[in-house]
Amino acid sequence: QVQLVESGGGLVQAGGSLRLSCAASGRTDSNYAMGWFRQAPGKEREFVSAISRNGGVTQYADSVKGRFILSRDNAKNTVYLQMNSLKPEDTAVYYCAAGSSTQNLRASAGIQYWGQGTQVTVSS
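Fair warning: this is a prediction, and the values are worked out from it, not measured in the lab.

Some words on the packing of aromatic side chains
Pairs of aromatic rings are described using the distance from one ring centre to the other and the angle between the two planes. A complete count under the given rule lists four aromatic pairs for this structure. Where Tyr-95 meets Trp-114, the ring centres are 6.4 Å apart and the plane angle is 90°; that geometry is what we call edge-to-face. On the criterion of sequence distance, the pair formed by Tyr-95 in strand β9 (residues 92-99) and Trp-114 in strand β10 (residues 111-114) is long-range, its members being 19 residues apart. Site record: aromatic cluster; members linked through ring pairs are Phe-37, Phe-47, Tyr-95 and Trp-114. Its guanidinium or amino end placed over the ring of Tyr-95, Arg-45 lies 3.9 Å from that ring's centre, counting from NZ or CZ. One residue, Arg-45, lies across the ring of Trp-114, its end atom 4.3 Å from the ring centre.

Quick look at the structure:
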């Protein structure tokens, strides 16, 4: 079992930045691809970004490309989502996820673990 705990959410003005963290604990020796999803009120959960097991490959949704940067520190079992130039439409609950590959995460397939989510609110 792997436990994922997100942190770093909050309230920020449009144009500002936040950094989300996702710390993994438990059987992290399997070393998963990691990703972030978000769900806004009244909308379905959507893919945001994913990173491969060694951090060499990253993928982003078109809506966040060029503004968000995903990285990971395997020594700390933590992934970081740096969110810049935030917009009101980025407001959502952000969820961390662990899966077998970035491709599968992007397709919302084969997700093995989810975090509990952290709220991000961007005011206009």
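Side note on the environment of Gly-56
Note on placement: Gly-56 falls in the loop between β5 (46-51) and β6 (58-60). Between the alpha carbons of Gly-56 and Ser-71 there is a distance of 9.3 Å; along the sequence they are 15 residues apart.

Examining the sheet that holds strand β1 (residues 2-7)
Strand order in the open sheet formed by four strands is β1-β3-β8-β7, with antiparallel pairing between adjacent strands. With one partner strand each, in any of the chains shown, β1 and β7 (68-73) form the two edges of the open sheet. For this sheet the average axis-to-axis angle between neighbouring strands, irrespective of direction, equals 15°. In the sheet, β1 pairs with strand β3 (residues 18-26) via six bridges, with the strands oriented antiparallel. Among the inter-strand pairings, Leu-4 is bridged to a residue of β3, identified as Ala-24.

What to know about the nonpolar core
Grouped together as the largest cluster of nonpolar side chains are 35 residues, with contacts concentrated most on Leu-4, Met-34, Trp-36, Phe-68, Leu-81, Met-83 and Tyr-94. Breaking this core down by element, the ones donating at least two residues are β1, β3, β4 (33-39), β5, β7, β8 (78-83), β9 and β11 (118-123). It is β9 that provides the largest number of residues to this core, a total of five residues. Ignoring anything within four residues of it in the chain, the contact list for Leu-4 reads Cys-22, Ala-23, Ala-24, Met-34, Cys-96, Ala-97, Ala-98, Tyr-113, Trp-114, Gly-115 and Gln-116.

A short note on the side chain of Thr-78
With respect to the secondary-structure elements, Thr-78 resides in strand β8. For Thr-78, the side chain forms a polar contact with the main-chain oxygen of Lys-76, separated by 2.8 Å. Dropping the residues within four chain positions of it, Thr-78 is found in contact with Ser-21, Cys-22, Ala-23, Arg-72 and Asp-73.

So, how was this worked out
- Residues numbered from 1 in each chain as written.
- Predicted model: local features only at pLDDT ≥ 70, side-chain atom pairs only at ≥ 80, totals over all residues.
- Heavy atoms only, no water.
- Phe/Tyr/Trp six-rings, centres within 6.5 Å; stacked < 30°, edge-to-face > 60°.
- Helix = DSSP H or I, 4+ residues; strand = E, 2+ residues; numbered from the N terminus.
- Lys NZ or Arg CZ within 6 Å of the ring centre and 35° of its normal.
- Pairing = 2+ DSSP bridges.
- Axes fitted to C-alpha atoms, helices over the stretch in contact; angles between N-to-C directions.
- Core = buried A, V, L, I, M, F, W, Y, C linked by side-chain atoms within 4.5 Å.
- Buried < 20%, exposed > 50% of the residue type's maximum accessible area, 1.4 Å probe, protein only.
- Contact = heavy atoms within 4.5 Å.
- Polar contact = N/O pair within 3.5 Å; in protein donor to acceptor, adjacent residues only side chain to side chain.

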